[in-house]
Amino acid sequence: MSQYSKLKPRLFILLIALIWAVEAAWVQEYTLSPYFKKWSSWIFSHGVRWALNFLVALLLVQILHRRVLVVLLAASVIFSLTLLTYYQHFHIPLSEQVLFTQVGEATEFSGFVLQLLDFKAVFVLVGAFALKLLLLKRANLRP
């Protein structure tokens, strides 16, 4: 087995973790910060959050079985879209208190979700999900 063939799965794992970390940092910053900053200052001022996101994503990609990882990646997209849609509609971050106390209202509200979705965000998140699945398949991780 050549060195390249040994390095290839690791490269795909790193790319999956990097894409996942960037996606998570973008959603976190957009929905948690009251002032969305320019990309350059955002990257430098939140480097610690980026690093933690990357390390957690890298750990999850390495330790989880492929099927569990696919489910987690899909749940991540759904959760991100929920956070973004809530923030764009109400202009406040979705908190744990709101999640626990207003689940009933959320089910009534769910019929209007398609009207509220930002389809650019949907496209980016679903595209990132598809790219992570492609890289996951190419990494040949355990099933």
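Further up the page is the structure itself.
Structural notes, computed from the coordinates. (Residues numbered from 1 in each chain as written. Predicted model: local features only at pLDDT ≥ 70, side-chain atom pairs only at ≥ 80, totals over all residues. Heavy atoms only, no water.)

**Examining the overall build of the chain**
Counting secondary structure elements, the chain contains eight helices and zero strands. When the elements of the chain are put in sequence order from the N terminus, they spell out α-α-α-α-α-α-α-α. Residue burial in the chain is summarised as follows: out of 143 residues, 32% are buried. Considering only intrachain contacts with a sequence separation of at least 6, the fraction spanning at least 24 residues in the chain is 77%. Looking at the chain as shown, the accessible area adds up to about 9,700 Å², and 70% of this sits on carbon and sulfur atoms. (Helix = DSSP H or I, 4+ residues; strand = E, 2+ residues; numbered from the N terminus. Buried < 20%, exposed > 50% of the residue type's maximum accessible area, 1.4 Å probe, protein only. Contact = heavy atoms within 4.5 Å. Areas by Shrake-Rupley, 256 points an atom, 1.4 Å probe, with all protein chains shown as cover.)

**Describing the pattern of salt bridges**
Inspection of every chain in the model, using the stated rule, returns one salt bridge. With its nearest N and O atoms 2.7 Å apart, the salt bridge here joins Lys132 to Glu23. With Lys132 in helix α8 (residues 119-139) and Glu23 in helix α1 (residues 3-32), this pair connects stretches of sequence that are 109 residues apart. By relative accessible area, which is 0% here, Lys132 ends up buried. (Salt bridge = Lys/Arg side-chain N within 4 Å of Asp/Glu carboxyl O.)

**Describing the nonpolar core**
Within the largest apolar cluster, 29 residues are counted, with the highest numbers of intra-cluster contacts made by Trp20, Trp26, Val61, Leu69, Leu84 and Leu125. Listed by contribution, the elements that provide at least two residues to this core are α1, α3 (47-63), α4 (66-90) and α8. (Core = buried A, V, L, I, M, F, W, Y, C linked by side-chain atoms within 4.5 Å.)

**What about the environment of Ser76?**
Mapped onto the fold, Ser76 is located in helix α4. Since its relative accessible area comes to 16%, Ser76 is described here as buried. Between the C-alpha atom of Ser76 and that of Phe129, which follows or precedes it by 53 residues, the distance is 8.9 Å. Beyond its immediate chain neighbours, meaning those up to four positions away, Ser76 contacts Trp20 and Glu23.

**Here's the deal with the environment of Asn140**
By the secondary structure assignment, Asn140 is in the segment after α8. In the structure, Asn140 is positioned 128 residues away from Phe12 in sequence and 9.3 Å away in space, judged by C-alpha atoms.

**Focus on α4**
For α4, with 25 residues, the first-to-last C-alpha span of 36 Å sits near the 36 Å given by 1.5 Å per residue. Taken residue by residue, α4 has Leu69, Leu73, Ser76, Val77, Ser80, Leu81, Leu83, Leu84, Thr85, Tyr86 and Tyr87 as its buried positions. Just beyond α4, the residue with positive phi is His91, at close to 60°. (Expected span 1.5 Å × (residues − 1).)

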